[in-house]
Amino acid sequence: MAKPGLSAAVLLLLLGFLSVSSVNADTLLSAPLNVTIRELEVNSAVVTWEILEGDPVIGFAITQQKKDVRMLRFIQEVNTTTRSCALWDLDEDTEYIVHVQSISMGGSSPPSQPVLFRTPKESEKMASKSPDEVTMEEFGQAAQLRAGELIIIVVVLIMWAGVIALFCRQYDIIKDNEPNNNKDKAKNSSECSTPEHPQGGLLRTNV
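Residues numbered from 1 in each chain as written. Predicted model: local features only at pLDDT ≥ 70, side-chain atom pairs only at ≥ 80, totals over all residues. Heavy atoms only, no water.

As for the overall build of the chain
Definition in use: For the purposes of this entry, the term helix denotes a DSSP run of H or I that reaches at least four residues, the term strand denotes a run of E that reaches at least two, and both are numbered from the N terminus. Under the scheme applied here, a residue whose accessible area is under 20% of the maximum for its type counts as buried, over 50% as exposed, and between as partly exposed, the area being computed with a 1.4 Å probe on protein chains only. Residues count as neighbours in contact if any of their non-hydrogen atoms are within 4.5 Å of one another. Only the protein chains shown count as cover for residues, with accessible areas throughout obtained via the Shrake-Rupley method and a probe of 1.4 Å.
For the chain, the helix and strand inventory stands at three helices and eight strands. Ordering the α and β elements of the chain from the N terminus gives α-β-β-β-β-β-β-β-β-α-α. Residues counted as buried form 17% of the 207 residues belonging to the chain. Counted over contacts in the chain with a minimum sequence separation of 6, partners at least 24 positions apart contribute 59%. Counting only carbon and sulfur atoms, one obtains 60% of the accessible surface of the chain, whose full area is about 16300 Å².

Points about the nonpolar core
The cut-off we apply is this: Nonpolar cores were defined as sets of buried Ala, Val, Leu, Ile, Met, Phe, Trp, Tyr and Cys residues, with membership established by side-chain atoms within 4.5 Å.
Of all hydrophobic cores here, the largest spans 16 residues; its most connected members are Val47, Trp49, Ile62, Leu87 and Phe117. Of all elements in the fold, only strand S1 (33-38), strand S2 (45-50), strand S3 (59-66), strand S5 (84-87), strand S6 (95-104) and strand S8 (115-118) reach the threshold of two or more residues within this core. Once residues within four sequence positions are removed from consideration, Leu87 is found in contact with Asn43, Ser44, Ala45, Val47, Ile62, Gln64, Ile75, Val98 and Phe117.

Regarding the environment of Lys66
Tracing the chain through its elements places Lys66 in strand S3. For Lys66, a relative accessible area of 26% corresponds to the partly exposed category. Sequence-wise, Lys66 and Arg118 are 52 residues apart; in three dimensions their C-alpha atoms are separated by 9.7 Å. Beyond its immediate chain neighbours, meaning those up to four positions away, Lys66 contacts Met71, Asp91, Thr94, Glu95 and Tyr96.

Examining the confidence of the model for the chain
For clarity, the threshold we go by: pLDDT: the predictor's confidence for each residue, scored from 0 to 100.
With 66% of its residues at a pLDDT of 70 or more, the chain shows a mean pLDDT of 77. Between residues 17-26, whose pLDDT stays under 50, and residues either more than four places distant or in other chains, the model counts zero contacts.

Section: a nonpolar patch on the surface
The cut-off we apply is this: Only residues whose relative accessible area exceeds 30% and that take part in no salt bridge are eligible for patches, with like-charged residues grouped when within 9 Å of each other and nonpolar side chains (Val, Leu, Ile, Met, Phe, Trp, Tyr) grouped when within 5 Å. One side-chain nitrogen of Lys or Arg within 4 Å of one carboxyl oxygen of Asp or Glu is enough to make a salt bridge.
A grouping of Ile152, Val156, Trp160, Val163 and Ile164 is seen on the molecular surface, where their side chains present a nonpolar patch of about 510 Å² in accessible area. By secondary structure assignment, the location of Ile152 is in helix H3 (residues 136-192). We classify Ile152 as exposed; its relative accessible area is 56%.

Brief notes about unusual backbone geometry
The phi dihedral of Asn79 falls on the positive side, at around 60°, and the residue is not glycine. One can find Asn79 in the loop between strand S4 (72-78) and S5. For Asn79, a relative accessible area of 71% puts it in the exposed group.

Remarks on the sheet that holds S5
Applicable threshold: DSSP bridges decide pairing: two strands pair if at least two such bridges lie between them. Angular values range over 0 to 180 degrees, each being the angle between N-to-C directions of two axes fitted as lines to C-alpha atoms, with helices fitted over their stretch in contact.
If you trace the three strands from one edge of the open sheet to the other, you get S1-S2-S5, paired in antiparallel fashion. Edge positions in the sheet fall to S1 and S5, since each has one partner strand and no second. Within this sheet the neighbouring strands show an average axis-to-axis angle of 20°, counted without direction. As paired elements, S1 and S2 share four bridges and run antiparallel to each other. Looking at S2, one finds that Thr36 is bridged to Thr48.

What follows is the structure, given as structure tokens:
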């Protein structure tokens, strides 16, 4: 026959185990769902995911790994409700494996199903771009080129206007001086010519 004290101790242990199990069940998070890779570029990508409604998620943790390479990159953010994360500094034409975990005050969820993706080659990315497609960076460069060209054109026009104005000023000065030059020439020529006789004959010196 079991002793009363031993039975009470066993009962207390069972109650404690059940209470701990219920707490763990309440704080256990589900793994993120629908993990997807978007905006895949040569050196970057964006991973998105979803969580079950009601999970007390306060952040996320992402594990990024090159396929067949042991080195990992671990990204963790807390105090955020975002459901996406940018992956940067990727190598072109390389396969990567990504896992996502949810974080709560009680710990982390199990990792999501692994997602495998490959970054494109630079040549493939350039070939896939439409000739009519213009990125914001290219648009900004074109705008800067146009602004530079306009500045050069304005400077050249101002220089030409200055040259023309200077030429017109010099031309006016030359035109203003021409009548005075003609008068001086006429005066000098009249002074050097032989005076006429009052009766129309030329003066002659008596020898």
